[in-house]
Amino acid sequence: LGEASLDLSPGVKARIGYVPQEPELYPWMRVGQAIAYQGSFYPRWDEKLVAELLDRFELEPRKRVGALSVGQLQKLAILLALASGPEVLLLDEPVAALDPEGRRDFLRRLVEMVADGERTILLSTHITSDVERVCSHVAVLCRGSLLLHEDLDAFRDSLKELRLPGVSCPQSTLDSLPATLLRVQATPTGTVAVVRGNVAGCVEHLHRATGIVPAVVDLNLEDAFIELQADGRKQA
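Residues numbered from 1 in each chain as written. Predicted model: local features only at pLDDT ≥ 70, side-chain atom pairs only at ≥ 80, totals over all residues. Heavy atoms only, no water.

S.K.: Could you clarify how one ought to interpret the overall build of the protein chain in this entry?
M.R.: Scanning the protein chain from N- to C-terminus turns up 10 helices and 9 strands. Its C-alpha radius of gyration of 23 Å places the protein chain more than 25% over the 18 Å reference for a compact globule of 236 residues. Reported as C-alpha extents along the three principal axes, the dimensions of the protein chain are approximately 70 × 35 × 35 Å. Taking all 236 residues of the protein chain together, 41% fall into the buried category. If you take every contact in the protein chain between residues at least 6 apart in sequence, the share linking residues at least 24 apart comes to 66%. Accessible surface computed for the protein chain: about 13300 Å², of which carbon and sulfur atoms make up 51%. Taking the average location of the 25 positive side-chain charges in the protein chain and that of its 33 negative ones, the two points are 3 Å from each other. (Helix = DSSP H or I, 4+ residues; strand = E, 2+ residues; numbered from the N terminus. Rg over C-alpha atoms; globule rule 2.2 N^0.38 Å. Buried < 20%, exposed > 50% of the residue type's maximum accessible area, 1.4 Å probe, protein only. Contact = heavy atoms within 4.5 Å. Areas by Shrake-Rupley, 256 points an atom, 1.4 Å probe, with all protein chains shown as cover. Lys, Arg positive; Asp, Glu negative; His and termini not counted. Charge placed at Lys NZ, Arg CZ, Asp CG, Glu CD.)

What follows is the structure in structure tokens.
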């Protein structure tokens, strides 16, 4: 939002929502008091949304914050972040403590929030199925280094597993692939190579070298993440 993150003005802070992995709220407050307290800092506090989320999350306004379960505390933190109508929403493992139904409900709300294109949501998570459901772009970190940041669909299209049945592929052929070779494995049934980049070019290259058209296998986001992490650790 145009300001250094270490020196944000009150006006910019009012435009940012944040859900930490482990919410820290005043345990002696009641749920309703915690909501009223936080709402007093935000000019665009949405009382209608608060009432809707209290009902949807089954949060009792008179219950003390310190008596909430881990999942209830996470739901309260999510409510507090969403009710301010943030332009930027930062979420650090926001659904790790929620049950599957609660996770789906929250992710559905996220999709609704970004549908108008007026908000940016940064979601940090190890639950890759959640990323596939709601994210338009993906970034992968390994040991503090950014391995990639790109459109999710383009990323999935660029990383594939190629299978050559009945062929032990020469290393020289693999070394000359027109893409990044993340992993190669000789199996009893042939050769498996995971590549990132020019997949069509790799298929053509292997066809010319071996006379066999390799099968192209899609990877889900979790498998793609593991392949990139392994390669990133090798390069570190």
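S.K.: In this structure, what is going on with the sheet that holds strand β3 (residues 120–124)? I would like to understand it.
M.R.: Within a sheet, neighbouring strands are paired by backbone hydrogen bonds and run either parallel or antiparallel to one another. Strands sit in the order β1-β2-β3 across an open sheet of 3 strands; the sheet is parallel. Every interior strand has two partners, whereas the edge strands, β1 (16–19) and β3, have only one. Averaged over all pairs of adjacent strands, the angle between strand axes in this sheet comes to 10°, irrespective of strand direction. The pairing of β1 with strand β2 (residues 88–92) spans 4 bridges and is classified as parallel. Note on β2: the bridge partner recorded for Gly17 is Leu89. The sheet contacts of helix α4 (residues 70–82) involve β1 and β2, and relative to β1 the element is tilted by about 175°. (Pairing = 2+ DSSP bridges. Axes fitted to C-alpha atoms, helices over the stretch in contact; angles between N-to-C directions.)

S.K.: How should I be thinking about unusual backbone geometry in this particular structure?
M.R.: If a residue is not glycine, its phi is most likely negative; likewise, a peptide bond is most likely trans. Unlike most non-glycine residues, Glu58 shows phi in positive territory, near 55°. Tracing the sequence through the fold places Glu58 in the loop between α3 (47–56) and α4. If you check the backbone angles, Glu93 has positive phi at about 45° while not being a glycine. Assignment of secondary structure puts Glu93 in the loop between β2 and α5 (100–114). The exposure class assigned to Glu93 is buried, which follows from its relative accessible area of 8%.

S.K.: Would you take a moment to explain the sheet that holds strand β7 (residues 179–187) for this structure?
M.R.: Read from one edge of the open sheet, 4 strands run β7-β8-β6-β9, paired in antiparallel fashion. Looking at strand neighbours, the two that pair on one side only are β7 and β9 (215–218), the edges of this open sheet. Across this sheet, the average inter-strand angle for adjacent strands is 25°, counted without regard to direction. The pairing of strand β6 (residues 159–165) with strand β8 (residues 190–197) spans 7 bridges and is antiparallel. Opposite Leu164, over in β8, you have Thr191 as the bridge partner. Its contacts with the sheet place helix α9 (residues 199–210) against β6, β7, β8 and β9, and it is angled at close to 15° to β6.

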